[in-house]
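The primary structure of each chain is shown beneath.
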Amino acid sequence: MGTNPFFDKDIVSIKDFVKDDLEYVFEATDTISSLKHSERSELGKGRALGYVFYEPSTRTRMSFEAAMASLGGSSIGIADLKSSSVEKGESLADTIRIIDLYSDVILLRHPMDGSSRFAAELSQNPIINAGSGSEEHPTQALLDMYTILREKGTIGGLSVAIVGDLKYGRTVYSLLYGLANYDVDIHLVSPTTLQVRKESIYELQGRMKIKEHSNLDEVLTEADVIYVTRIQRERFPDVQEYEKVKGSYTIDEKTLAKAKKDVAVMHPLPRLDEISQSIDHTKNAIYFKQASYGKELRAALLALMLNESLPR
Ligand code: NCD
């Protein structure tokens, strides 16, 4: 592995990653996963991850905490805004300045686009974007791509269907920009009112083969990966609009019967009704494995941000 491009660097947008950076992270994830406990637990020793979540989280926060613990480090932060001074009206800027004083890496989830970029300009220590509005969720895209690589053996050459709320789902945008580094066929499947925001994928035009559909059946015989997303109720300006599209797609045994035998069904989670629990036991269902790869990939990212080089 060459020079570590992540040492002391922010992770704000997947657009900042070139293919070599992606592969560097994937390789580092393999390395981290294979280290002996005694080696791994030196990489974050005495260091703290400081976080603040202005939106709910289960996996992102817990996997980062678990990852930091596995490196021998600790985590401090705000998961419940009501118990913090945000409740008294403290600004995002001041909150970040304070976390910056107490930690070595800062993890931020915030409902506004641009929030992580803003935080990165204020803080001395590196920022990790754990979700910024409906804009981006770069570490989710990294773990999604790592999952594809581990489960399918390759990313290039695959046909990937992305299904659900493509308008508001931030994981979709990060994943699209990440996958643009590979030769993949993209099928976007959504109700017409939840199609991808064209202005947000403007830079992808001509870089990627993208087709749009509203009928999932149209892509089932071709897709190697079906990446399902939750309809983002909290981002709808009008609840009635949500009511119209909720439950638009459900992946179940009938869907699998029409799909490729080895299709990988993924989901960033949480799922509501878009994937039936009845397929959880199938080999196609890899969404829980995906969450597990997430911890390893995030441990690799933290280790790379905190150390100039990793043990071999
Ligand atoms: C996603 C998010 O927060 O964007 N969750 C996650 O981090 N896995 C997806 C979602 O909330 O639907």
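So, a few notes on the structure that sits alongside this text.

Scoring rules and cut-offs
Residues numbered from 1 in each chain as written. Predicted model: local features only at pLDDT ≥ 70, side-chain atom pairs only at ≥ 80, totals over all residues. Heavy atoms only, no water. Salt bridge = Lys/Arg side-chain N within 4 Å of Asp/Glu carboxyl O. Helix = DSSP H or I, 4+ residues; strand = E, 2+ residues; numbered from the N terminus. Buried < 20%, exposed > 50% of the residue type's maximum accessible area, 1.4 Å probe, protein only. Near = heavy atom within 4 Å. Polar contact = N/O pair within 3.5 Å; in protein donor to acceptor, adjacent residues only side chain to side chain. Areas by Shrake-Rupley, 256 points an atom, 1.4 Å probe, with all protein chains shown as cover. Nonpolar A, V, L, I, M, F, W, Y, C, P; charged D, E, K, R; others polar. Expected span 1.5 Å × (residues − 1). Pairing = 2+ DSSP bridges. Axes fitted to C-alpha atoms, helices over the stretch in contact; angles between N-to-C directions. Parallel < 35°, antiparallel > 145°, perpendicular 65-115°, else oblique. Left-handed = near helix turned anticlockwise from the far one by under 90°. Contact = heavy atoms within 4.5 Å. Phe/Tyr/Trp six-rings, centres within 6.5 Å; stacked < 30°, edge-to-face > 60°. Lys NZ or Arg CZ within 6 Å of the ring centre and 35° of its normal.

## What to know about the pattern of salt bridges
- Tallied over the full model, the rule gives 21 salt bridges.
- In this structure, K152 engages D262 in a salt bridge whose closest nitrogen and oxygen atoms are separated by 3.8 Å. A residue pair is termed long-range when its members are at least 10 positions apart, and K152 in helix α6 (residues 138-152) and D262 in the loop between α10 (253-258) and β9 (264-266) qualify at 110 residues.
- A residue is classified by how much of its surface remains accessible, and D262, at 49% relative accessible area, is partly exposed.
- Ionic pairing is found between D224 and K260, a salt bridge with its closest N-O pair at 2.9 Å. With D224 in the loop between α8 (217-220) and β8 (225-228) and K260 in the loop between α10 and β9, the pair connects residues that are 36 residues apart, well separated along the chain.
- Residue classification places D224 among the buried positions, given a relative accessible area of 11%.
- When salt bridges with common partners are traced through the structure, they connect E55, R170 and R235 into a single cluster.

## Thoughts on the site of the ligand
- Around the ligand sit T60, R109, H137, Q140, R170, T171, R230, Q232, P268, L269 and P270, and that is every residue in its neighbourhood.
- In this structure, an oxygen atom belonging to the ligand sits 3.1 Å away from a side-chain N or O atom of R109.
- For the ligand, a nitrogen atom lies 3.2 Å from a polar atom in the side chain of Q140.
- Protein burial of the ligand: of its 320 Å² of free accessible surface, 93% is covered by the chains.
- Of the residues contributing to the shell around the ligand, the split by class is three nonpolar, five polar and three charged.

## A closer look at α6
- If you check α6, its first and last C-alpha atoms are 21 Å apart, about what 15 residues at 1.5 Å a residue would give, namely 21 Å.
- Counting buried residues in α6 gives eleven out of 15 residues, a clear majority hidden from the surface.
- Directly beyond the C-terminal end of α6, a positive phi value near 80° is found at G153.

## Things to note about the environment of M266
- When you line up the elements, M266 lands in strand β9.
- For M266, a relative accessible area of 0% translates into the label buried.
- With 264 residues separating them in the primary sequence, M266 and G2 have C-alpha atoms 31 Å apart.

## Remarks on the sheet that holds strand β6 (residues 185-189)
- On the basis of which strands lie adjacent, the open sheet formed by five strands has the order β7-β6-β5-β8-β9 and parallel pairing. Since the sheet does not close on itself, it has two edges, and those belong to β7 (209-213) and β9, each with one partner. Recorded for the sheet is a direction-independent mean angle of 20° between the axes of neighbouring strands.
- Note that strand β5 (residues 159-163) and β6 share five bridges and pair parallel. Paired with S159 across the bridge in β6 is D185.

## Quick notes on the packing of helix α1 (residues 19-34) against α6
- Two elements in contact, α1 and α6, have axes whose closest approach is 10 Å; the angle formed by their N-to-C orientations is 70°. Looking at the two axes, α1 sits roughly perpendicular to α6. Of the two elements, α1 crosses α6, and the hand of that crossing is right-handed. On α6, the residues that touch L22, F26, T29 and D30 of α1 are L142, M145, Y146, L149 and R150.
- Within the contact of α1 with α6, the residues separate by chemical class into six nonpolar, one polar and two charged.

## Looking at the sheet that holds strand β2 (residues 74-78)
- Pairing is parallel across the open sheet formed by four strands, whose spatial order is β2-β1-β3-β4. Where the open sheet ends on each side, the last strands, each with one partner, are β2 and β4 (127-132). Strand-to-strand twist across the sheet, computed as the mean angle between neighbouring axes with direction ignored, equals 15°.

## Brief notes about the packing of aromatic side chains
- If you walk through the whole model with that rule in mind, you get eight aromatic pairs.
- Ring geometry for F6 versus Y24: centroids 6.3 Å apart, planes at 45°, classification tilted. One end of the pair, F6, is in the segment before α1; the other, Y24, is in helix α1, and 18 residues separate them in sequence.
- Given the relative accessible area of 5%, F6 is considered buried.
- Accessibility expressed as a relative area gives 13% for Y24, which makes it buried.
- Of the aromatic side chains, those joined through ring pairs into one cluster are F6, F17 and Y24.
- Of note, K15 hangs over the ring of Y177, and the distance from its end group to the ring centre comes to 4.6 Å.

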